[in-house]
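Chain by chain, the residues run as shown.
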Amino acid sequence: MRLSQYFMPILRDDPKEAEIVSHKLMLRAGMVRQEAAGNYSWLPMGFRVLKKIEQIVREEQDRAGALEVLMPTIQPAELWKKSGRYDAYGKEMLRIKDRHDREMLYGPTNEEMITDIFRQGVQSYKDLPRNLYHIQWKFRDEVRPRFGVMRGREFLMKDAYSFDVSREAGQHSYNKMFVSYLRTFARLGLKAVPMRAETGPIGGSDSHEFLVLADTGESGVFFDGDFHEMDWGKVEVDYDDAGAVAKLVERFTSKYAATDEKHDAAEFERRVPAAKRMTGRGIEVGHIFFFGTKYSEPLGCEVQGADGKKVAVQSGSYGIGVSRLVGGIIEASHDDAGIIWPEAVAPFQVGLINLKVGDAASDEACLKIYQALQAKGVDVLFDDKDGGAGGKFAAMDLIGLPWQVIIGPRGLKDGIAEVKCRKTGARENVALDQVVGRFTA
């Protein structure tokens with residue numbers, strides 16, 4: 001993509017309304033624009049990141065055996081009244097009426113609807129287990145939306161729902177999602193620590209939050225320093241092997257980690273040596289729940305068991321804040337100059353900078369490299385706009401692409417381009433005929 005043809009409205013100064021780093025940088029880098037309190041338009045740069053995160057989440061859900069569906073954003077209030085949550089959920093739920101005066105709501109979550117869908121489609125234990133998920137925009141009318149996409153009113157979420165014939169089978173479904181989340185966050189370049197957490201308005205017995213450590217986190221966290229030494233990137237397991245999956249989950253849950261809501265100071269001191277007791281702040285990027293028959297019983301979701309008797313289905317729900325992750329990644333990966341994107345979710349892999357637009361040799365060299373990178377499938381943003389070197393460097397650092405290829409008359413005299421790694425700041429001179437291979441090897 002040529003920068004001269006792109007829509008990337010960069011802001012020079014920090015917006016006054018932005019309180020945290022991710023909000024400031026997303027606005028400055030032209031990723032989003034606020035339309036109303038807690039509601040944002042996603043501009044091309046931000047939307048590319050959003051879609052890359054969404055795809056990684058989807059791939060890991062599919063890998064774990066979940067099946068993708070799509071449910072409507074507007075739900076009938078009747079289902080929520082049957083479950084008992086319509087009045088209990090609170091003012092965060094946006095309640096509306098259609099032209100026929102029927103009570104509706106803009107879904108903040110989908111436990112009731114998916115349970116009703118499943119109830120109508122499955123009658124026998126032989127059709128279990130199943131896990132259905134979708135990636136959809138939600139709305140929660142936050143009393144004080146703040147921190148940009150970190151606590152907005154409208155947000156993109158992956159929510160999955162498992163259905164099993166027994167508590168034991170339901171635990172295996174819960175464990176599979178636990179492992180899937182470990183893999184998902186590792187692919188996104190994050191170490192999201194799983195912590196015991198409150199179940200909140202979802203309800204149920206078992207619950208874990210996955211939190212990214214960041215100074216601006218909204219939750220206090222207490223955890224074993226061993227988490228820093230664990231390799232999230234090597235979470236490999238056969239999802240059909242319940243014993244192996246449970247053993248892997250136990251590796252993480254056996255170590256102390258809790259949000260401030262579930263923290264037990266005495267247990268923390270008893271289980272964790274003083275030198276390894278870690279505290280800080282965390283950003284929730286995922287939350288999983290097992291709630292058994294909380295929704296299946298009031299909604300009549302039953303199957304015929306192996307003994308011929310009807311049994312209420314055991315269920316769990318599993319959420320990942322896809323749009324929230326954009327801000328969470330920035331909170332965990334930035335410096336004073338701007339964003340530092342992990343390669344897996346970067347809007348472009350390479351930023352190609354022409355330091356002397358209008359110079360025949362520079363223009364020719366840049367165009368040749370640009371076309372060759374595109375031909376090899378490398379996402380490249382080509383800064384072909386006239387402007388000073390300082391402004392070009394600052395803009396590239398701000399938007400945080402993993403690599404920069406810098407071409408100018410001085411380097412061309414020696415047949416080289418300068419390649420900069422955004423994460424480390426390291427620079428190296430690379431022969432012009434080797435630049436493309438540098439990113440396609």
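Higher on the page you've got the structure.
Overview of the structure.

Cut-offs applied
Residues numbered from 1 in each chain as written. Predicted model: local features only at pLDDT ≥ 70, side-chain atom pairs only at ≥ 80, totals over all residues. Heavy atoms only, no water. Pairing = 2+ DSSP bridges. Helix = DSSP H or I, 4+ residues; strand = E, 2+ residues; numbered from the N terminus. Axes fitted to C-alpha atoms, helices over the stretch in contact; angles between N-to-C directions. Contact = heavy atoms within 4.5 Å. Buried < 20%, exposed > 50% of the residue type's maximum accessible area, 1.4 Å probe, protein only. Core = buried A, V, L, I, M, F, W, Y, C linked by side-chain atoms within 4.5 Å. Parallel < 35°, antiparallel > 145°, perpendicular 65-115°, else oblique. Left-handed = near helix turned anticlockwise from the far one by under 90°. Phe/Tyr/Trp six-rings, centres within 6.5 Å; stacked < 30°, edge-to-face > 60°. Lys NZ or Arg CZ within 6 Å of the ring centre and 35° of its normal.

## With respect to the sheet that holds strand β22 (residues 416-421)
The strand order across the open sheet formed by five strands is β20-β19-β21-β22-β23, and the pairing between neighbours is mixed. Across the chains shown, the open sheet's two edge strands, defined by having one partner strand only, are β20 (380-383) and β23 (427-431). Going from strand to strand, the sheet's axes swing by 25° on average, the running direction of each strand aside. Here five bridges tie β22 to β23, and the two strands are oriented antiparallel to one another. The partner of Ile416 across the bridge, within β23, is Ala431. Packing against the sheet, helix α9 (residues 360-375) makes contact with β19 (350-354), β20 and β21 (403-407), and its axis sits at approximately 165° to β19.

## So, helix α8 (residues 322-332)
Residues separated by three or four positions in an α-helix point in the same direction, a consequence of the helix having 3.6 residues per turn. Judged by how many residues are buried, α8 sits mostly within the fold: 10 of 11 residues are covered. Residues of α8 that are buried include every one of Val322, Ser323, Arg324, Leu325, Val326, Gly327, Gly328, Ile329, Ile330 and Glu331, and no others.

## With respect to the environment of Gln61
If you trace the backbone, Gln61 turns up in helix α2 (residues 44-63). Accessibility expressed as a relative area gives 0% for Gln61, which makes it buried. Taking the C-alpha atoms as reference, Gln61 lies 9.8 Å from His134; in sequence the two are 73 residues apart. Among residues more than four places away in sequence, those in contact with Gln61 are Ala66, Tyr133, Lys158, Ala160, Met177, Ser180 and Tyr181.

## Regarding the nonpolar core
In terms of nonpolar packing, the biggest core is built from 79 residues, with Met31, Ile53, Phe185, Leu188, Val326, Trp341 and Leu381 touching the most fellow members. Among the elements that take part in this core, helix α5 (residues 167-187) stands out by supplying seven residues, more than any other. For Met31, the residues in contact, after removing those within four places along its chain, are Met26, Ser41, Trp42, Leu43, Met45, Gly46, Val49, Val326, Ile330, Ile339 and Trp341. In this structure, Cys366, Leu373, Ile407 and Phe439 belong to the second largest nonpolar core, which totals 21 residues.

## Some remarks on the side chain of Ser323
Position of Ser323 relative to the elements: it lies in helix α8. Once residues lying within four places of it in the same chain are set aside, the contact partners of Ser323 are Trp42, Leu50, Val149, Phe155 and Leu156.

## Topic: unusual backbone geometry
With omega at 5°, the peptide bond leading from Leu128 into Pro129 counts as cis. Along the chain, Pro129 falls in the loop between α4 (111-121) and β7 (130-139). Here the phi dihedral of Asp101 falls at roughly 70°; this positive angle occurs in a residue that is not glycine. The topology assignment puts Asp101 in the loop between β5 (94-97) and β6 (103-106). Given the relative accessible area of 52%, Asp101 is considered exposed.

## So, the packing of α2 against α5
Packing of α2 against α5 brings their axes to within 9 Å, and their N-to-C directions diverge by 150°. Classified by the interaxial angle, the pair formed by α2 and α5 is roughly antiparallel. For the element pair α2 and α5, the recorded crossing hand is right-handed. Contacts between α2 and α5 involve Ile56, Val57, Glu59, Glu60, Gln61 and Arg63 from the first element and Met177, Ser180, Tyr181, Arg183, Thr184 and Arg187 from the second.

## Observations concerning the sheet that holds strand β4 (residues 74-76)
Taking strand neighbours across the sheet as the criterion, the three strands line up as β4-β6-β5 in an open arrangement whose pairing is antiparallel. A strand with exactly one partner marks an edge of an open sheet, and here the two such strands are β4 and β5. The average undirected angle you get between the axes of adjacent strands in this sheet is 35°. Where β5 and β6 come together, four bridges link them in antiparallel fashion. Bridging from a neighbouring strand, Lys97 pairs with Glu103 of β6.

## Concerning the packing of aromatic side chains
What the rule picks out here adds up to 14 aromatic pairs. When the centroid spacing of 6.1 Å and the interplanar angle of 80° are considered together, the rings of Phe222 and Phe268 count as edge-to-face. Of this pair, Phe222 sits in strand β11 (residues 219-224) while Phe268 sits in helix α7 (residues 265-271), and the two are 46 residues apart along the sequence. A centroid spacing of 4.9 Å and a plane angle of 40° characterise the contact between Tyr256 and Phe268, whose relative ring orientation is tilted. Placement of the pair is Tyr256 in the loop between α6 (242-253) and β12 (257-259) and Phe268 in helix α7, with a sequence separation of 12 residues. Both residues of the pair, Tyr256 and Phe268, count as buried. Lying over the aromatic face of Tyr86, Lys81 brings its terminal NZ or CZ to 5.2 Å of the ring centre. The side chain of Lys294 reaches across the aromatic face of Tyr295, ending 5.5 Å from its centre.

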